[in-house]
Amino acid sequence: MGNASGRQKQKPLILGPAPGSGMGAYAATFDTLEDREMAMLKESKAPDAFYLPWATGDVTECGIDLTTHNLTYFFTANLSGCSLWYKFQDGRILIRHEARTDSASQNLHKLAGFKCVVDSSLNKDDIQLSVDPETMVRKARYYVVYALFDHEARQVEFRAQLVAQETNLLNRQESFDLVKVTTTVVNFPKP
């Protein structure tokens, strides 16, 4: 994860296929490809990443112990109309992936003390899916959100990447482009 050197165009970080075991701690490995960086999660006795899946029409939530210094990364499923929320509670960070886009659900998060990292439903132009019938190329835009834990600085940095993806449906070739990145840096609460 180091392509932002300034000499080359920044690439999106894309999470590979979700782990078969679902939510939990995994070991992350990274591979740099021509148009993207790939993060792969594997089961390990020395995990350094946490993965939070999504659920259709529902919310998923995880709690990550802030005293566990072995976790460096957080990943969740892609957001296309979804939102991601966090709050600190009892020495942990609670993170929610909300698949519903209605304002009532989001107000419940706010009332429970959660703060929004990204709401991909706010800008309808950012969530697009189309297929050109002549070329059979599918174009999509969605958010890929991950976070970096810095235990020494006592903070977590959420990175919300708007990614444009093109997939040739005939030969399955894919290409990715990073449209924009927004970051939210949050300090851990004082002990």
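Relevant structure appears above.
These remarks concern the structure in this document. (Residues numbered from 1 in each chain as written. Predicted model: local features only at pLDDT ≥ 70, side-chain atom pairs only at ≥ 80, totals over all residues. Heavy atoms only, no water.)

1. Details of the pattern of salt bridges
Now for step 1: With the rule as written, the count across this model stands at four salt bridges.
Now for step 2: The closest approach of N and O atoms between Arg 96 and Glu 61, which form a salt bridge, is 2.5 Å. One end of the pair, Arg 96, is in strand S8 (residues 92–98); the other, Glu 61, is in strand S5 (residues 59–65), with 35 residues separating them in the sequence.
Now for step 3: By relative accessible area, Arg 96 is classed as buried at 17%. (Salt bridge = Lys/Arg side-chain N within 4 Å of Asp/Glu carboxyl O. Helix = DSSP H or I, 4+ residues; strand = E, 2+ residues; numbered from the N terminus. Buried < 20%, exposed > 50% of the residue type's maximum accessible area, 1.4 Å probe, protein only.)

2. Focus on the packing of aromatic side chains
Now for step 1: According to the stated counting rule, one finds six aromatic pairs in the structure shown.
Now for step 2: With 5.9 Å between their ring centres and 70° between their planes, Tyr 86 and Phe 88 make a pair best called edge-to-face.
Now for step 3: A relative accessible area of 24% places Phe 88 in the partly exposed class.
Now for step 4: Each residue in the set Phe 30, Tyr 73, Phe 75 and Tyr 146 is aromatic and connected to the rest through ring pairs, giving one cluster. (Phe/Tyr/Trp six-rings, centres within 6.5 Å; stacked < 30°, edge-to-face > 60°.)

3. A look at unusual backbone geometry
A negative phi angle characterises most non-glycine residues, just as the trans form characterises most peptide bonds.
Now for step 1: Residues other than glycine seldom take positive phi values, yet Asp 90 does so here, at roughly 55°.
Now for step 2: If you trace the backbone, Asp 90 turns up in the loop between strand S7 (83–89) and S8.
Now for step 3: Overall, Asp 90 belongs to the exposed group, its relative accessible area being 72%.

4. Quick word on the sheet that holds S8
Now for step 1: Taken together, four strands build an open sheet; the order of strands is S5-S8-S7-S9 and the sheet is antiparallel. With one partner strand each, in any of the chains shown, S5 and strand S9 (115–119) form the two edges of the open sheet. Pairs of neighbouring strands in the sheet enclose a mean axial angle of 20°, with direction left out of account. (Pairing = 2+ DSSP bridges. Axes fitted to C-alpha atoms, helices over the stretch in contact; angles between N-to-C directions.)

5. Quick notes on the environment of Gln 173
Now for step 1: Checked against the element boundaries, Gln 173 lands in the loop between strand S12 (155–168) and strand S13 (174–187).
Now for step 2: Owing to a relative accessible area of 54%, Gln 173 belongs among the exposed residues under this scheme.
Now for step 3: When the C-alpha positions of Gln 173 and Val 137 are compared, they lie 9.4 Å apart, and in sequence the two are 36 residues distant.
Now for step 4: Beyond its immediate stretch of four places on either side in the chain, Gln 173 contacts Glu 166, Thr 167 and Asn 168. (Contact = heavy atoms within 4.5 Å.)

6. Let's talk about the environment of Ala 27
Now for step 1: Relative to the helices and strands, Ala 27 resides in strand S2 (residues 24–32).
Now for step 2: Placed 17 residues apart in sequence, Ala 27 and Ser 44 show a C-alpha to C-alpha distance of 5.7 Å.
Now for step 3: Ignoring any residue separated from it by four or fewer positions in sequence, one finds Ala 27 in contact with Met 40, Leu 41, Lys 42, Ser 44, Ala 46, Pro 47 and Asp 48.

7. Considerations on the nonpolar core
Now for step 1: Grouped together as the largest cluster of nonpolar side chains are 26 residues, with contacts concentrated most on Ile 64, Phe 74, Leu 84, Ile 93, Ile 95 and Phe 158.
Now for step 2: Residue assignment for this core shows that the elements contributing at least two residues are strand S4 (49–52), S5, S7, S8, S9, strand S11 (137–150) and S12.
Now for step 3: The residues contacting Phe 74, other than those within four sequence positions of it, are Phe 50, Leu 52, Cys 62, Ile 64, Leu 84, Ile 95, Tyr 146, Ala 147 and Phe 149.
Now for step 4: The next biggest cluster of nonpolar side chains, apart from the first, holds 13 residues, and it includes Leu 15, Leu 41, Tyr 73 and Tyr 146. (Core = buried A, V, L, I, M, F, W, Y, C linked by side-chain atoms within 4.5 Å.)

8. A closer look at the side chain of Thr 60
Now for step 1: Position of Thr 60 among the secondary structure elements: in strand S5.
Now for step 2: Within the structure, the side chain of Thr 60 is placed 2.6 Å from the backbone oxygen of Pro 53, a separation counted as a polar contact.
Now for step 3: Not counting the four nearest positions on each side in its chain, Thr 60 is found in contact with Leu 52, Pro 53, Trp 54, Ala 55, Ile 95, Arg 96 and His 97. (Polar contact = N/O pair within 3.5 Å; in protein donor to acceptor, adjacent residues only side chain to side chain.)

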